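Each chain is listed here by its residues.
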Amino acid sequence: MADDQHYDVVIIGTGAGGGTLGHRLATNGAKVLWLERGPFLPRERDNWSSEAVFVRGKYLAPEAWYDRHGNEFQPEVNYYVGGNTKFYGAALFRLRPEDFGELRHHGGISPAWPISYDDLEPYYTQAEHLYLVHGQHGEDPTEGPASAEYAYPPVSHEPRIQQLSDDLEKLGLHPFHLPIGVNLEEVEPGRAARSSVCIRCDRVDGFPCLLNAKSDSQVICVDPVLSKDNVTLVTGANVQRLETDASGRTVTGVVTALDDGSTTTFTGDIVVVACGAANSAALLLKSRNDRHPDGLANSSGVVGRHYMRHNNDALMAVSKEPNPTRFQKTLAMNDWYLGADDWDFPLGGIQMLGKSDGEEIHAQAPRWAGKISPDLPFDVLAHHAVDIWLCGEDLPQADNRVTVDAEGAIHLSIDEKNNVEGVKRLRHKLDGMLSELGMHEHHLLDRSLYLHKSMPIGATAHQAGTVRFGTDPAASALDVNCKAHDVDNLYVVDTSFFPSIGAVNPSLTAIANALRVGDHLTERLR
């Protein structure tokens, strides 16, 4: 396609950052072009198939990245309108106030942000309301102050999860309702109203929602503004590089390969990169020119560096009593987020996963050989499974980085043992409580299939940090408004801007920041 239009803003990517920013700018009257590498996700029965989503990885991008040894792996990335939010669990947490300051971990230092929790707090509230987050402020003693309550009440626990919450409280802990973005109305606890879009099914986590009931970026931000005259979406648009004027200070063209085999160049007053931390860094590195020989916006040398992805464990405990729960992702606990009585460093957080089923359990059976008593066959496990996610902070290291080879392929080098002691201790604490929580002892089983972890490096869903923001142009690529220090009209609004990642899901912070940058760009365009 030839495109002779000029836009106020060209946004590359429609995920949590790019989709939210486009919605804010379009609503404020800007002429917006979204470029999305993939199509709309097909709505089909396989959307809700564990075998298709987790075992075969049907919707993962059919591409290879390479580790630091040159070994090929498949990353956990999804190229569709809505980006990775089509497959996220919609757990929408705020970072803790302490995450915005310098934090000392067992494995090193988590650096301070150039903005504070208070700077982002109004946008956290806006993000929670926009993405239909259900929750209750004040239940989690580690959370920061909120200027407004969630617009929607917490999703109720089903009986087995309510019992788990009660048992945790008896141990002196502070479980709380997990903040989750779903279009749900409950007529009574555990039962969706007839008018509710969400039906409280067991496909909440990691699956795309056939009912459009999950608050992903396509449903919440893209679809509602597509009919506006000032909004254009081009799918199948794989951006190859960004071109600048002779000074190198202004992006003048977004060179894009289209699905029909043609290549065209789009133009806009502002260009926003929001492709995901690895792909955003790769795009800037591939856009090197005479003025930017090390990559666009990379005079600091930080582009591609300080990659982070969380230290995660996806686990399955085995309940002594059956667990017929369907909508299981309703509970979380952060008692050891910042430390413990026997450990002076942060451990991380605990939250529920979506309910595992027979297909996933049978697929993972070889991993569990010899770990389960013979009187608990696999076909019983699914009915007794209680699925849990442990999340610890990965620390930014300069050598954890994204690079691009001569053919444009992404190479990802990471230290897989970076700051892992905290989440190991978190798992040990959980393991020590199993009997008091009505679980079989020493039956924390690996659910790596959930993470698509055929190789540990492949779990890239929470990637962040490759185009960090800051006040010092020598040590950061972006300023506090996420504008490139080196380029006057270039912004980055996915999780690339994170200087640290905390130990909660990063999506809400990306969404809130996109709203913040959206207000800045609205004023700039005026």
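Look above for the structure.
Residues numbered from 1 in each chain as written. Predicted model: local features only at pLDDT ≥ 70, side-chain atom pairs only at ≥ 80, totals over all residues. Heavy atoms only, no water.

(A) Here's a closer look at the pattern of salt bridges. Tallying each qualifying case throughout the model produces 29 salt bridges. Glu186 serves as the salt-bridge partner of Arg200, at 2.7 Å between the closest nitrogen and oxygen. Residue Arg200 is found in the loop between β11 (191–192) and α5 (217–222), and its partner Glu186 is found in strand β10 (residues 186–188); the two are separated by 14 residues along the sequence. By relative accessible area, which is 4% here, Arg200 ends up buried. For the salt bridge of Glu188 with Arg191, the shortest nitrogen-to-oxygen distance reads 3.5 Å. For Glu188, a relative accessible area of 41% puts it in the partly exposed group. According to the relative accessible area criterion, Arg191 is partly exposed, its value standing at 45%. Taken together, the shared-partner salt bridges connect Glu44, Asp46, Glu51, Arg56 and Lys58 into one network. (Salt bridge = Lys/Arg side-chain N within 4 Å of Asp/Glu carboxyl O. Helix = DSSP H or I, 4+ residues; strand = E, 2+ residues; numbered from the N terminus. Buried < 20%, exposed > 50% of the residue type's maximum accessible area, 1.4 Å probe, protein only.)

(B) Seen up close, the packing of aromatic side chains. Throughout the structure, instances matching the rule amount to 15 aromatic pairs. Between Phe469 and Phe497, the ring centres sit 4.9 Å apart and the planes meet at 85 degrees, which makes this aromatic pair edge-to-face. One end of the pair, Phe469, is in the loop between β22 (445–446) and β23 (490–492); the other, Phe497, is in the loop between β23 and α10 (507–525), with 28 residues separating them in the sequence. Stacked on the ring of Tyr7, the Lys or Arg Lys31 has its end atom at 5.3 Å from the ring centre. Above the ring of Tyr337, the side-chain terminus of Arg96 is found at 5.8 Å from the ring centroid. (Phe/Tyr/Trp six-rings, centres within 6.5 Å; stacked < 30°, edge-to-face > 60°. Lys NZ or Arg CZ within 6 Å of the ring centre and 35° of its normal.)

(C) Seen up close, the side chain of Ser280. With respect to the helices and strands, Ser280 occurs in helix α6 (residues 277–286). Among residues more than four places away in sequence, those in contact with Ser280 are Val273, Ala274, Cys275, Asp494 and Ser496. (Contact = heavy atoms within 4.5 Å.)

(D) Representation of the sheet that holds strand β8 (residues 176–177) within the structure. Pairing is antiparallel in the open sheet, where six strands are placed in the order β8-β17-β18-β19-β16-β22. Each end of this open sheet is capped by a strand with a single partner; those strands are β8 and β22. Taken together, the two bridges between strand β17 (residues 331–333) and strand β18 (residues 349–352) define a ladder with antiparallel strand orientation. When the sheet's bridge partners are listed, Ala332 is paired in β18 with Gln351. Across the sheet, helix α4 (residues 159–170) lies against β17, β18 and β19 (385–392), angled at about 20 degrees from β17, the strand it touches most. Packing against the sheet, helix α9 (residues 421–433) makes contact with β16 (311–318), β18 and β19, and its axis sits at approximately 150 degrees to β19. (Pairing = 2+ DSSP bridges. Axes fitted to C-alpha atoms, helices over the stretch in contact; angles between N-to-C directions.)

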